[in-house]
Protein chains: 2
Amino acid sequence: MKQSSDIDLHHLRLTDPFWRDYQRLVRDVVLPYQWAALNDRVNDAEPSHAIENFRIAAGRSEGEFYGMVFQDSDVAKWLEAVAWMLCQQPDDGLEATADGVIELIAAAQQPDGYLNTYFTVKEPDGRWTNLAECHELYCAGHMIEAGVAYYRATGKNRLLEVVCRLADHIDGIFGPGECQLHGYPGHPEIELALMALHEVTDNPRYVALARYFVEQRGSEPHFYDIEYQRRGRTSHWNNFGPAWMVIDKAYSQAHQPITQQETAVGHAVRFVYLMAGVAHLANVSRDEEKRQACRRLWNNMTQRRMYITGGIGSQSRGEAFTGDYDLPNDTAYTESCASIGLMMFARRMLQMEADGEYADVMERALYNTVLAGMALDGKHFFYVNPLEVHPAAIRCNHIYDHVKPVRQQWFGCACCPPNIARILGSLGLYIYTQTDEALMVNLYIGSELTIDVGQQPLTLRQSGNYPWDEVIELTVDCPAPVTTTLALRLPGWCSAPSMVLNGETVPLDVRKGYAYLSRRWTSGDQLQLTLPMPVRRVRSHPRVRQNQGKVALQRGPLVYCLEQADNGADLHNLRLSGQHVYQMEEGEGVLAGKTVIRASGDRIVAGGEQPLYRFDGDIAARQTQSLLFIPYFCWANRGEGEMRVWVDEQPPSAPGR
Amino acid sequence: MKQSSDIDLHHLRLTDPFWRDYQRLVRDVVLPYQWAALNDRVNDAEPSHAIENFRIAAGRSEGEFYGMVFQDSDVAKWLEAVAWMLCQQPDDGLEATADGVIELIAAAQQPDGYLNTYFTVKEPDGRWTNLAECHELYCAGHMIEAGVAYYRATGKNRLLEVVCRLADHIDGIFGPGECQLHGYPGHPEIELALMALHEVTDNPRYVALARYFVEQRGSEPHFYDIEYQRRGRTSHWNNFGPAWMVIDKAYSQAHQPITQQETAVGHAVRFVYLMAGVAHLANVSRDEEKRQACRRLWNNMTQRRMYITGGIGSQSRGEAFTGDYDLPNDTAYTESCASIGLMMFARRMLQMEADGEYADVMERALYNTVLAGMALDGKHFFYVNPLEVHPAAIRCNHIYDHVKPVRQQWFGCACCPPNIARILGSLGLYIYTQTDEALMVNLYIGSELTIDVGQQPLTLRQSGNYPWDEVIELTVDCPAPVTTTLALRLPGWCSAPSMVLNGETVPLDVRKGYAYLSRRWTSGDQLQLTLPMPVRRVRSHPRVRQNQGKVALQRGPLVYCLEQADNGADLHNLRLSGQHVYQMEEGEGVLAGKTVIRASGDRIVAGGEQPLYRFDGDIAARQTQSLLFIPYFCWANRGEGEMRVWVDEQPPSAPGR
């Protein structure tokens with residue numbers, strides 16, 4: 001298959017009832033809120049200081065750098081989110097604010113192209129001395145992504161020029177030359193950013209630099225060790241002992257070259273960011289070895305180390321993967337940013353290979369963990385997205401120290417909130433993939449897209465009420481007939497999809513999860529895709545010990561959960577009936593407009609006066625109880641309470657027990 | 001009830017087949033091995049340096065102190081274990097070695113009575129400046145216990161004099177006086193030791209000092225804060241940030257006075273050591289408020305926060321309790337020393353109140369966690385005793401960092417191995433309680449005890465094959481008839497005990513878990529107690545979410561578990577049959593002589609090629625499998641493998657599934 005490229009978001013208009021609300025939230029609430037946060041104007045929230053750091057670096061303000069070594073990236077992500085939103089809808093005020101920030105950033109750039117407020121303000125002599133720990137290339141990557149997005153959105157090249165100078169500067173510093181550094185980032189990100197920069201500049205040096213970073217990774221002797229000795233064995237972090245990021249190379253996926261790596265390891269965000277860049281690079285450069293590595297690691301991650309919610313990272317320590325089939329629900333880390341990175345990786349895999357499996361995972365991550373990362377009010381965020389929460393245990397057992405039972409206003413390490421804003425802003429990039437072969441419809445999100453097929457314009461209108469309703473309508477509009485192929489994804493969760501074209505059922509020509517339909521399209525052609533959405537019970541692989549004997553409910557792409565607010569405390573004492581009878585209802589209060597699921601079940605009657613341990617014969621009494629499941633992404637919007645995704649099930653042969 | 005006192009171990013001879021082996025192991029293997037360890041003569045083990053520290057403090061050697069700030073206590077515990085063993089069987093060589101150590105300790109004592117090698121060698125100016133963190137009173141307590149035990153065992157008062165001088169010195173330092181310190185230990189231990197010292201010296205000042213330490217605890221302003229300011233805010237430890245032991249007062253049970261405390265909190269060992277001292281003090285001083293506190297905290301601990309194995313401490317962080325009904329099996333801490341301390345607390349509760357509940361818990365801790373702390377070879381030890389182990393997950397998930405899948409030779413913090421030795425050595429103290437009312441038989445351990453009733457000697461011989469067999473024989477031997485009461489414990493796990501006296505069934509006169517039998521005993525009187533031991537399924541309180549739907553097997557006092565060695569990997573895929581059919585077998589190999597349980601069950605067939613998540617209808621295939629349960633205390637004696645105590649159960653109505 002030939003190379004695909006990104007959709008121009010100016011030609012895509014979101015009309016989806018579900019996502020329009022989110023887009024509005026991002027525009028009206030999230031971006032202004034986060035702008036206030038970046039400027040330290042949110043009461044009772046962790047301070048950010050990110051804008052002020054740029055002011056200081058630009059010489060416009062006096063003071064000290066404050067925040068994480070990667071604080072700059074929050075500003076870059078915000079700018080990127082703004083850019084994507086401006087594609088959707090012009091906003092002079094917002095654009096003027098962004099232009100102002102860009103001028104500030106340009107002023108903070110050093111004469112040689114270097115750009116990083118931490119090192120400029122705090123450690124001017126420390127530049128490029130600690131790649132393992134200090135996120136310089138990561139921040140550069142985010143700024144490059146912002147520059148590319150802002151250029152795409154507005155056509156303005158002010159920030160693009162800044163980041164090209166930055167990239168050129170980096171290109172001079174790093175490389176195989178004798179006077180160059182042979183290093184690579186502790187936190188991948190610049191790889192995918194350089195590939196994006198190449199897309200708008202067509203400059204092959206950016207691909208070469210991305211390749212250099214990817215191929216240097218894991219080579220021996222390890223660059224992290226070399227620079228560690230060179231800088232006198234100092235450490236920026238001391239979380240788990242000095243120099244742990246240097247020592248634990250798998251944390252950064254630096255333990256071996258990516259083409260030799262067999263399993264998804266280390267910091268989950270680093271892993272998926274890296275793999276997104278590697279996939280893009282493999283695709284652009286037709287690199288079969290890297291493509292195989294991408295597929296191998298994708299498979300290991302999604303088939304052994306991913307939660308049903310599309311969350312990744314089974315442990316808090318190192319925000320990292322653990323091992324195959326080790327998926328604890330209550331101590332999970334499953335960072336919002338990791339699932340965003342997973343979507344980024346999936347999108348690039350999909351661009352390389354039109355396989356619905358990638359889109360299935362992308363959708364799973366989007367509709368569950370990514371959405372769960374933000375409250376329905378757009379102002380509160382989860383960094384960690386567990387699948388089971390016991391507030392009482394969180395308060396007393398330190399294995400839950402990383403888990404918050406309710407979303408927070410902001411974080412000292414605020415990577416997640418602006419990342420959610422930028423992924424929601426750029427959602428259009430994920431809906432469609434345009435290849436030489438077909439226009440792939442990956443996600444069912446109401447929208448109007450205009451593309452050129454050959455020299456001919458073609459507009460595709462998608463409508464429906466996904467993820468709640470099963471029917472998706474696609475309408476074609478074109479001034480002249482256009483011969484092309486549409487490829488509609490048939491989600492893995494749907495067992496009986498069907499398609500009707502202009503009133504007539506079409507046999508499905510399915511290849512790797514997509515139904516292909518080639519024809520001469522004329523205006524008014526109408527395609528109706530029906531994806532029946534019965535409630536389905538999901539079971540885990542038998543090696544997942546944490547879910548043994550349990551089921552999760554999924555309807556369409558949505559994973560459901562039980563909350564204490566609807567079902568009372570001690571959710572572990574509930575069992576779902578063996579009967580597959582469900583009642584769809586509309587939620588109430590903050591859940592209005594959302595489909596909730598009612599099912600029958602029972603509950604063990606727990607009395608505090610029972611002994612801690614009791615002998616046989618004395619089986620706990622049960623009483624029937626109606627269970628209410630809500631979409632996982634809506635959890636924790638009604639105060640603190642228990643939540644669980646995986647629930648016990650009554651034995652099928654004893655429905656009444 | 002009137003006050004009880006300890007049995008004189010010179011008049012108790014252990015004859016029990018089960019425990020004789022352990023005693024022999026302690027004498028022939030554990031004590032010599034630990035002596036070698038204390039002298040750093042064990043290859044590949046963590047160094048101890050404990051004896052060398054005393055040599056340096058005594059001026060007999062040059063060098064630096066090495067080890068934990070409480071390293072002295074390892075020597076004291078070893079001496080105490082030696083003392084108890086000498087009660088059982090004279091051993092001139094061992095006694096000579098011990099005498100030598102005692103001379104060394106005496107030489108290390110400072111002219112003013114102070115005794116602690118860490119401060120004497122390393123921080124002579126730091127004495128008594130850091131009670132919260134530095135274990136001076138804890139080490140003193142252990143040395144006092146050793147002095148008391150050695151005096152009781154040998155009649156020699158050399159060490160007793162040393163520890164009396166030490167206690168007198170401490171009595172001068174601490175107290176309500178203006179020039180005295182108003183502090184109390186960060187790690188309780190001296191309280192129970194002072195009560196023991198009072199027992200042999202009859203010196204009321206020791207009781208008063210114990211009371212001072214108990215009553216000062218938790219008073220405000222907090223002494224730990226005062227001394228922290230006074231010493232310039234320095235910290236000895238930095239595990240969880242500076243001064244965390246000062247800040248987290250509940251860790252040391254210093255957050256409030258014990259008489260106000262409602263729940264078992266903080267470091268589990270500190271808690272039970274403290275409570276053992278408080279119970280002894282309450283008993284001796286007839287202090288009703290303290291007695292109530294003991295009962296209240298005992299109930300909270302044993303009815304809300306104790307594992308079925310008698311383990312306590314649900315979390316690694318702080319080796320501590322968490323909250324009610326929070327009993328994770330795989331991340332449990334359940335330190336060996338904590339269960340030893342639990343036995344110590346239980347014994348003192350039993351001396352205060354003849355309630356079989358205390359003995360039930362004591363027995364549970366002894367036969368399960370305490371025994372599990374040591375390998376069957378007597379040379380390897382567990383510090384942490386989980387109820388569920390997945391070696392593969394331990395290697396990759398940091399929530400298991402504290403869990404070892406196999407026993408270790410020694411530890412840098414070596415509190416547990418010598419503690420196991422001293423509890424096994426002093427086992428005789430736990431078997432019987434002599435009160436003015438009765439001779440209580442708490443544990444069924446074959447032994448020969450001679451006591452005086454009034455002026456009359458009476459010998460009681462106990463025999464049987466406990467914990468494997470259900471019949472216990474008690475025979476009386478006395479030169480002249482003796483009128484007294486025997487009280488035999490009827491274990492909580494036994495639903496149908498029966499008693500036969502000289503061939504005739506005796507109706508049971510049961511009060512609080514003991515069957516009382518008062519009569520005029522004559523030589524040859526024979527009492528047969530039968531405690532039927534069917535295998536019983538144990539269920540947890542419904543609030544224990546970790547055990548929901550699961551059962552554990554218990555037979556007699558022994559909790560059983562599944563091991564990978566017998567049942568294959570993926571133990572979570574096994575289910576125990578709903579049929580209560582069991583076959584008792586004798587174990588093989590290292591399990592020879594031990595009763596194992598065979599039961600029918602089934603297993604989910606796990607193939608690596610199944611998807612991670614699968615939709616309804618596709619229920620995993622099961623195959624029947626015979627399950628072999630072994631006593632929990634025997635686990636991990638056959639290499640590394642999975643283990644679990646709580647197992648899934650087939651639904652009773654669908655035995656074949």
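Residues numbered from 1 in each chain as written. Chains lettered and ligands numbered in written order. Predicted model: local features only at pLDDT ≥ 70, side-chain atom pairs only at ≥ 80, totals over all residues. Heavy atoms only, no water.

Caption draft 1: Inspection of the overall build of chain A at higher detail. Looking only at helices and strands, one finds 20 helices and 23 strands in chain A. Since a compact globule built from 657 residues should have a radius of gyration of about 26 Å, the 25 Å found for chain A is in line with a globular shape. Here the C-alpha coordinates of chain A stretch approximately 75 × 70 × 50 Å along the principal axes. Relative to its 657 residues, chain A shows a buried fraction of 65%. Look at the contacts in chain A between residues 6 or more apart in sequence, and 72% of them connect residues 24 or more apart. In chain A, which carries 61 positive and 80 negative side-chain charges, the distance between the mean positions of the two groups comes to 3 Å. (Helix = DSSP H or I, 4+ residues; strand = E, 2+ residues; numbered from the N terminus. Rg over C-alpha atoms; globule rule 2.2 N^0.38 Å. Buried < 20%, exposed > 50% of the residue type's maximum accessible area, 1.4 Å probe, protein only. Contact = heavy atoms within 4.5 Å. Lys, Arg positive; Asp, Glu negative; His and termini not counted. Charge placed at Lys NZ, Arg CZ, Asp CG, Glu CD.)

Caption draft 2: Main features of the relation of the copies chain B and chain A. Screw-axis analysis of chain B against chain A gives a translation of 0.0 Å along the axis, an RMSD of 0.0 Å, and a rotation angle of 180°. In the structure described here, the two chain copies are related by an operation that fits a two-fold rotation axis. (Least-squares fit on C-alpha atoms with pLDDT ≥ 70 in both.)

Caption draft 3: Representation of the pairing of strand β12 (residues 514-521) of chain B within the structure. All names here are of chain B. Sheet analysis places strand β8 (residues 482-489) next to β12, joined by 8 bridges and oriented antiparallel. Counted as the bridge partner of valine 482 is tryptophan 521 from β12. Direction of pairing for strand β11 (residues 510-511) relative to β12: antiparallel, over a ladder of 2 bridges. Bridging from a neighbouring strand, valine 510 pairs with alanine 515 of β12. (Pairing = 2+ DSSP bridges.)

Caption draft 4: How the structure looks around the packing of aromatic side chains. Using the criterion set out here, one finds 58 aromatic pairs over all chains in the structure. Ring geometry for B:Tyr466 versus B:Trp493: centroids 6.5 Å apart, planes at 40°, classification tilted. Here the residue B:Tyr466 occupies a position in the loop between β6 (456-464) and β7 (471-477), and B:Trp493 occupies one in the loop between β8 and β9 (498-501), the gap between them amounting to 27 residues. Each of the two residues, B:Tyr466 as well as B:Trp493, counts as buried. Here the aromatic cluster, defined as three or more aromatic residues joined through ring pairs, consists of A:Phe18, A:Trp19, A:Tyr22, A:Tyr367, A:Tyr444, A:Tyr466, A:Trp468, A:Trp493 and A:Phe633. Here B:Arg347 stacks its cationic end above the ring of B:Tyr430, 4.9 Å away from the centre of that ring. The lysine or arginine in question, B:Arg511, covers the ring of B:Tyr516, its NZ or CZ lying 3.9 Å from the ring centre. (Phe/Tyr/Trp six-rings, centres within 6.5 Å; stacked < 30°, edge-to-face > 60°. Lys NZ or Arg CZ within 6 Å of the ring centre and 35° of its normal.)

Caption draft 5: Layout of the pattern of salt bridges. Residue and element names in this part refer to chain A. Counted according to the given criterion, the structure contains 94 salt bridges over all chains. Between glutamate 353 and arginine 291 there is a salt bridge; the shortest N-O distance is 3.9 Å. Note that glutamate 353 is positioned in the loop between α15 (336-352) and α16 (356-372) and arginine 291 in helix α14 (residues 288-304), a separation of 62 residues in sequence. For arginine 291, a relative accessible area of 22% translates into the label partly exposed. (Salt bridge = Lys/Arg side-chain N within 4 Å of Asp/Glu carboxyl O.)

Caption draft 6: Focus on the interface of chain B and chain A. Each side of the interface is counted separately: chain B has 65 residues, and chain A has 66 residues. Counting each side, the surface lost to burial between chain B and chain A is near 5,500 Å², with a carbon and sulfur contribution of 54%. The residue B:Asp570 makes a salt bridge to A:Arg543 at a minimum N-O spacing of 2.7 Å. Connecting chain B to chain A are 28 residue pairs in polar contact (both at pLDDT 80 or more). Mapped by element, the contributors of at least two residues to the side of chain B that touches chain A are α14 (288-304), α17 (391-396), β14 (535-540) and β20 (613-615) of chain B. Top element by residues in the side of chain B that touches chain A is β14(B). It accounts for 6 residues. Class assignment for the residues of the side of chain B that touches chain A results in 27 nonpolar, 22 polar and 16 charged. Across 3 bridges, strand β14 (residues 535-540) of chain A lies against β20(B) in antiparallel orientation. Note on β20(B): the bridge partner recorded for A:Arg539 is B:Arg614. (Buried area = accessible area lost by both parts, 1.4 Å probe. Polar contact = N/O pair within 3.5 Å; in protein donor to acceptor, adjacent residues only side chain to side chain. Nonpolar A, V, L, I, M, F, W, Y, C, P; charged D, E, K, R; others polar.)

Caption draft 7: Inspection of the sheet that holds β7(B) at higher detail. Residue and element names in this part refer to chain B. Pairing is antiparallel in the open sheet, where 7 strands are placed in the order β1-β5-β6-β7-β13-β9-β10. Two strands close off the open sheet at either side, each with one partner strand: β1 (12-14) and β10 (504-506). Shown here is a sheet whose adjacent strand axes are inclined to one another by a mean of 25°, direction ignored. (Axes fitted to C-alpha atoms, helices over the stretch in contact; angles between N-to-C directions.)

Caption draft 8: View of the domain arrangement of chain A. All names here are of chain A. On domain assignment, one finds that chain A holds domain 1 (433-530) and domain 2 (535-609 + 617-649). The centre of domain 1, based on its C-alpha atoms, is set 35 Å off from the matching centre of domain 2. If you look at the interface, domain 1 gives 6 residues, while domain 2 gives 12 residues. Summed over both sides, the interface between domain 1 and domain 2 buries roughly 690 Å², with carbon and sulfur atoms accounting for 60% of that surface. Per-residue buried area on domain 1 facing domain 2 is highest for Pro467, Trp468 and Trp493; these three make up 89% of the total on that side. Our count for the domain 1 to domain 2 interface comes out at 0 salt bridges. Along the contact surface separating domain 1 from domain 2 lie 2 residue pairs in polar contact (both at pLDDT 80 or more). Here the side of domain 1 that touches domain 2 is built from residues that sort into 5 nonpolar, 1 polar and no charged. (Domains from an automatic or database assignment.)

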